[in-house]
Structures are given as C-alpha cells and as structure tokens.
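Secondary and tertiary structure notes
Each chain is listed here by its residues.
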Amino acid sequence: MTTQLTTAEQDPAKLADPYKLRHEDAVAAPTTFRGRFRYLGPGLILSAAVVGSGELITTTALGAQAGFVLLWLVIVSTAVKVWVQMELAQWSILTGKTALEGYGQVGPKTRRGGWINFLWILMDFAKILQRGGIIGGAVACISIMFPVMSGPLETPSLTFWTVIVMASVITLMISGKYSIVERAAFVSVVVFTIVTVALALGLPLTDFGYDGGDLATGLSFALPAGAIGFAIAMFGLTGVGSDEMTTYTYWCLEKGYARWTGPQDGTAERAERAEGWIKVMRLDALVSWVICTLCTLSFYVIGAAVLHPQNLVPKGNDMIVTLSRMYTDTMGGWAHWVFLIGAFAVLYSTLVASTASVPRLWTNTLGILGVFDWKDVAKRKRIISVLTVIMPIIWAASFLAIKSPVIMVQIGGVASGIFLVAVVIAVWHLRRQVDRRFRASNFWTVALVFSSLSVLFIGVYSVLTVFGVEIG
C-alpha cells in the first residue's frame, strides 16, 4: 500500500463524513522525515490559535509585572503539557473518536455524558470572556490605526470596529473561505513571531538589555505573591491549554490521521498504519510546541526587559498602547505601526481559529447530551453553521460590556488551568483502552507522568487560590 492520497482523502470537505472510519480510506503512513513533514497541519493551526491570547497578552503582562523572576514558569508551562496533548491525540487516532466523546467515558457519568463533559461546559462559559478579550485586543489595534466617530479607544470607535471585525469573521466562515484566511493568518503569525524573536535576541544591544544574571534569576523557581494570578492564567493559556488539547483531536481527525489509519480490524497492517500516523502526529505536535515556546519566551523576555523597568503593566483598553511600547521604545516611533499590524494579525488569526473550532465542540456536546445524532452529517453541519454566527456575537458582547481585555483573557486562562486537571484524569483513564503496543515506550511514559504531575500540581494550586485558601 502506498502513501499516495487521492484528492478526496487530502480534502476532508469533499468527504461525506470526515469523522467516519472506512477501510477504503486506509493509507500507509510516510516513513521518512520529509514525508511526514508534508502531512503536518493540526499543530500549525493550533500555534496560530494560541499565540494571540496566551503569548501576546498574558505572557507579556506577566513579564511586565514580575520581571525575569518567572521565566522558569514560562519554560515549564510550554514544555509539560505537550505530552498530555499527544497522548489524547493518539487515543483519538486509534479510536476515531473526539476528545469530548472520550471525556464522556470517565465516571461518574450519566447516559448523557460524564462529569468532565459538564465541567467542560462550565469552563467554556468562562472562556467566553477570554475570547471577548481577544476580540477587544484586535479591535483596539484597528481602532488605533483607523479611529472613527471619536478617539481610538472611545466606545463609539470600539463598537464600530467590533461590529466590522465580527461581520468579517462570520462572513468568512459562512462563505467557506476559512482555509484561505487561516493560511494568510498563519503567515502573519510567523512573520510577527520572527520579528518578535529577533527583537528579544537583540535587546542586549539596546538600552533595555539583559544579561546572564537576569536569566539566572528567572531560573530560581521563585513565585512572588503579587504575580500568582498572572502566573496561574499564564500556565492555563501558554503552550497548549486544555481547550486546545481538546480541539486538537478534532483537527487530527479532520486532517485524516485516523481515517488513513482505518477502522480497528485487529490486523498487523492496521497497527503499522496506526504507528506511522501517530509518528506524523507527534512530529506535528512537537513542531507546534517549538513555535509556541519561541513565541512565549520572546514575549516574556521583552515584557520583563522593556515594560517591567518602566512599571508599565498592560491594563484595560490601554493594553495595546502599552504593549506597543515593546517595539517603539526599542526601535523608534515607526515600529508603532509594525506592532499594530502584527498584533492585529495574531489576534485575528486566534479569533478565526476559535470561530472554526468552538462551534464544533459545542455541536459535539449537543450530540453527547442527546439533543441530536452527531452522526447525522447534514444536521451536524447546520448546527455548526448556526453556532458559527451566534458565538462570535456573544464573545463580542462580553467585550463591549466589560472592556478589559487583559482581565478577560486571564479569567479564561484560570478556567483552562483548572480544566487541565480533568483532561489529565481523562487521559490516564483512556490510556487503558490503548493497546500495549502503543504505550510500550518508557520515554513517552515517563514524559507523560512528569507532565501529568506538573499539571495536577498547578491545577490544584489554581483551585485553592481561586477559593481563597492560604498556601505556604
């Protein structure tokens, strides 16, 4: 069997049901690094999605508030969660099921889903504020560039551009042009990331330089009391969060990793295909992890080196103006527009990715709750289309009501950090369904254990902090 894919196999949109596993769709996985690289995709979409809120907003704000002292948390936050992500995605590839379907198998449970499904619903209500904060950041960027009816950050201008941004996102989603927008958004994110990494590396040549002593302080594992809220939010948002881990399984299924593996028939050929496509998925996830880590470290270092010494902490609608100082204070006034254009591209791409993924998650949730049959493709597509219109409007309304993007994003980050605990529990429960052939590696097991313990520690710490329990 070759690795040549037909047009239908390469484009899930041309399939009757991209979530259905059929023997005729099974294709052997590529065996070379170059061959595997051709089939990357889900992790790159995820990278474009997470840079906007966690990396640009929360991580930079944390660096501005705490200085270099929490650099260690940035490294831990991006490093430990990827192993849980890959374990969950492996289960999806082997079973052809989504993460939310897997969560429903973890007891205690009812006929309409398990406790993790209901916890996810609660978490996603908190994420409404985070997505509203992302909209607020994007709207602030474009309002500063093109103010209308009033000052750039006054209510009339923000409201006008919120309506325009929401209309553009909804139109692009409904028109079926998402793939074009996502490619353009990803290119924008890559360009903005390259500029930001270069700026972080070049800071020692400016008035805001840092040295080995600053970096050593950042690796001392200290946690200042005044930065605990930012730190918890950052752990939930940077790298892959619990919602990104969940969404990743949908993108892996729609990309074709499970479909090309084929349904479980107990044959050695199927097991070999599964191993091959799991290797592709792991490469995809690790490339995404490298991108997210570079972004996160760069944004944190810039916040710590440029904003912290000036006591500039991003707050309210002035967040974008404050963040732009990272560029203007080091490169001059001309960099103001570079930052605004790049930040808008990053935040807009995050919004586009959320608008593509969240309706899928809620539609799957409605299927699990028994509202409709998830396998009814026509009805599934209709519900996704309706939610694609409704949900961005709800997110935008939350921004216009609160108008504090940093706080809104932090609330979503704390909820994501807490939900990570439930995801870890689900992963270890679902792992028992995986054939020992796919969990025999000591390296992957040790990495998963370390990742799980780290997530559990931060998750429990988050819960205790949220409920006001004194620690230490």
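Bear in mind that the values here come from a model prediction, so they are computed numbers and not experimental data.

It is worth spelling out helix α4 (residues 71-95) at this point. Taking 1.5 Å of rise per residue, 25 residues should cover 36 Å, and α4 covers 38 Å from first to last C-alpha, within 8% of that figure. Along α4, 21 of the 25 residues are buried, which leaves the element largely enclosed by surrounding structure. Of the residues one or two after α4, Gly96 is the one with positive phi, at around 75°.

Under the criterion given, the structure shown has 19 aromatic pairs. The interplanar angle of 70° and the centroid separation of 5.3 Å between the aromatic rings of Tyr19 and Trp374 together place this pair among those described as edge-to-face. Remark: Trp374 occurs in the loop between α15 (335-368) and α16 (377-402) and Tyr19 occurs in the loop between α1 (7-10) and α2 (33-37); sequence separation between them is 355 residues. For the residue pair Tyr19 and Trp374, the accessibility class agrees, reading buried in each case. Relative to Trp277, the ring of Tyr39 lies with its centre 5.5 Å away and its plane at 80°, an arrangement referred to as edge-to-face.

Attention now moves to the environment of Phe372. Looking at where Phe372 falls in the secondary structure, it is placed in the loop between α15 and α16. On the accessibility criterion, Phe372 (8% relative accessible area) is buried. When the C-alpha positions of Phe372 and Ile383 are compared, they lie 9.7 Å apart, and in sequence the two are eleven residues distant. Setting aside its immediate chain neighbours within four residues, Phe372 contacts Thr363, Leu366, Gly367, Lys379, Arg380 and Ile383.

Where empty space is left becomes clear once a probe the size of a water molecule has been rolled over the atoms. In the structure shown here, the tally under the stated rule is four cavities of 30 Å³ or more. Reported here for the largest cavity is a volume of approximately 180 Å³. Breaking the lining of the largest cavity down by element, the ones donating at least two residues are α3 (42-66), α6 (115-145), α11 (242-255) and α15. Looking at which element gives the most residues to the lining of the largest cavity, the answer is α15, with six residues. The class makeup of the residues in the lining of the largest cavity is eight nonpolar, six polar and four charged. When its volume is computed, the second largest cavity comes out at roughly 50 Å³. Trp83, Met86, Glu87, Arg282, Trp444 and Leu448 are the residues that line the second largest cavity. When residues of the lining of the second largest cavity are traced back to their parent elements, those giving at least two are α4 and α18 (442-466). Looking at which element gives the most residues to the lining of the second largest cavity, the answer is α4, with three residues. Residue classes in the lining of the second largest cavity are distributed as four nonpolar, no polar and two charged.

To continue, consider the layout of surface pockets. Of the volumes computed, that of the second largest pocket is approximately 320 Å³. Taken together, 16 residues make up the lining of the second largest pocket; nearest its centre are Tyr19, Gly96, Glu101, Trp374 and Lys375. Tallying contributions element by element places α15 first for the lining of the second largest pocket, with three residues. Residue classes in the lining of the second largest pocket are distributed as five nonpolar, four polar and seven charged.

Interaxial distance between helix α7 (residues 155-174) and α16 falls to 10 Å at its minimum, and their mutual angle equals 165°. In this view, α7 runs roughly antiparallel relative to α16, as classed from their interaxial angle. Regarding α7 and α16, the two cross each other, and that crossing is right-handed. Packed against α7, whose contacting residues are Leu158, Thr159, Thr162, Met166, Ile170, Met173 and Ile174, the element α16 presents Ser385, Thr388, Val389, Pro392, Ile393, Ala396, Phe399 and Leu400 at the interface.

In this section: a nonpolar patch on the surface. A surface patch of nonpolar side chains, amounting to about 440 Å² of accessible area, comprises Val187, Val191, Val195, Trp334 and Val338. The element that contributes the greatest number of residues to the nonpolar patch is helix α8 (residues 178-202), accounting for three residues. Within the secondary structure, Val191 sits in helix α8.

Turning next to the pattern of salt bridges. Applying the stated criterion across every chain yields a total of nine salt bridges. Taking the shortest distance from any N to any O, the salt bridge between Arg22 and Glu24 comes out at 3.7 Å. A residue is classified by how much of its surface remains accessible, and Glu24, at 56% relative accessible area, is exposed. One salt bridge in this structure joins Asp329 and Arg325, with 3.0 Å as the shortest N-O distance. Of this pair, Asp329 and Arg325 are both found in helix α14 (residues 319-331), four residues apart, which corresponds to roughly one turn of the helix. The class of Arg325 is partly exposed, set by a relative accessible area of 30%. Residues joined by salt bridges that share partners form a network here, namely Arg22, Glu24 and Asp25.

Turning our eyes to something else, we now look at the packing of α11 against helix α17 (residues 405-431). Where α11 contacts α17, the axes come no closer than 8 Å and their chain directions differ by 50°. Viewed along their axes, α11 and α17 adopt a mutual orientation that is oblique. Every residue of α17 that contacts α11 at Ser242, Asp243, Met245 and Thr246 is listed here: Ser416, Phe419, Leu420 and Val423. Each residue belonging to the contact of α11 with α17 can be placed in one class, and the counts come to four nonpolar, three polar and one charged.

Position of Gly136 among the secondary structure elements: in helix α6. Taking the relative accessible area as the measure of exposure, Gly136 reaches 1% and is therefore buried. For the pair Gly136 and Val406, spaced 270 residues apart in sequence, the C-alpha to C-alpha distance is 9.2 Å. Here Gly136 is in contact with Phe399 and Pro405, once residues within four sequence places are set aside.

The rules we used
Residues numbered from 1 in each chain as written. Predicted model: local features only at pLDDT ≥ 70, side-chain atom pairs only at ≥ 80, totals over all residues. Heavy atoms only, no water. Helix = DSSP H or I, 4+ residues; strand = E, 2+ residues; numbered from the N terminus. Expected span 1.5 Å × (residues − 1). Buried < 20%, exposed > 50% of the residue type's maximum accessible area, 1.4 Å probe, protein only. Phe/Tyr/Trp six-rings, centres within 6.5 Å; stacked < 30°, edge-to-face > 60°. Contact = heavy atoms within 4.5 Å. 1 Å grid on protein atoms, 1.4 Å probe; cavity = no way out; pocket = protein on both sides within 12 Å on 5 of 7 lines; lining within 4 Å. Points joined across faces, edges and corners; volume = space filled by probe spheres on them. Nonpolar A, V, L, I, M, F, W, Y, C, P; charged D, E, K, R; others polar. Axes fitted to C-alpha atoms, helices over the stretch in contact; angles between N-to-C directions. Parallel < 35°, antiparallel > 145°, perpendicular 65-115°, else oblique. Left-handed = near helix turned anticlockwise from the far one by under 90°. Patch = residues over 30% accessible without salt bridge, like charges linked within 9 Å, V, L, I, M, F, W, Y side chains within 5 Å. Areas by Shrake-Rupley, 256 points an atom, 1.4 Å probe, with all protein chains shown as cover. Salt bridge = Lys/Arg side-chain N within 4 Å of Asp/Glu carboxyl O.

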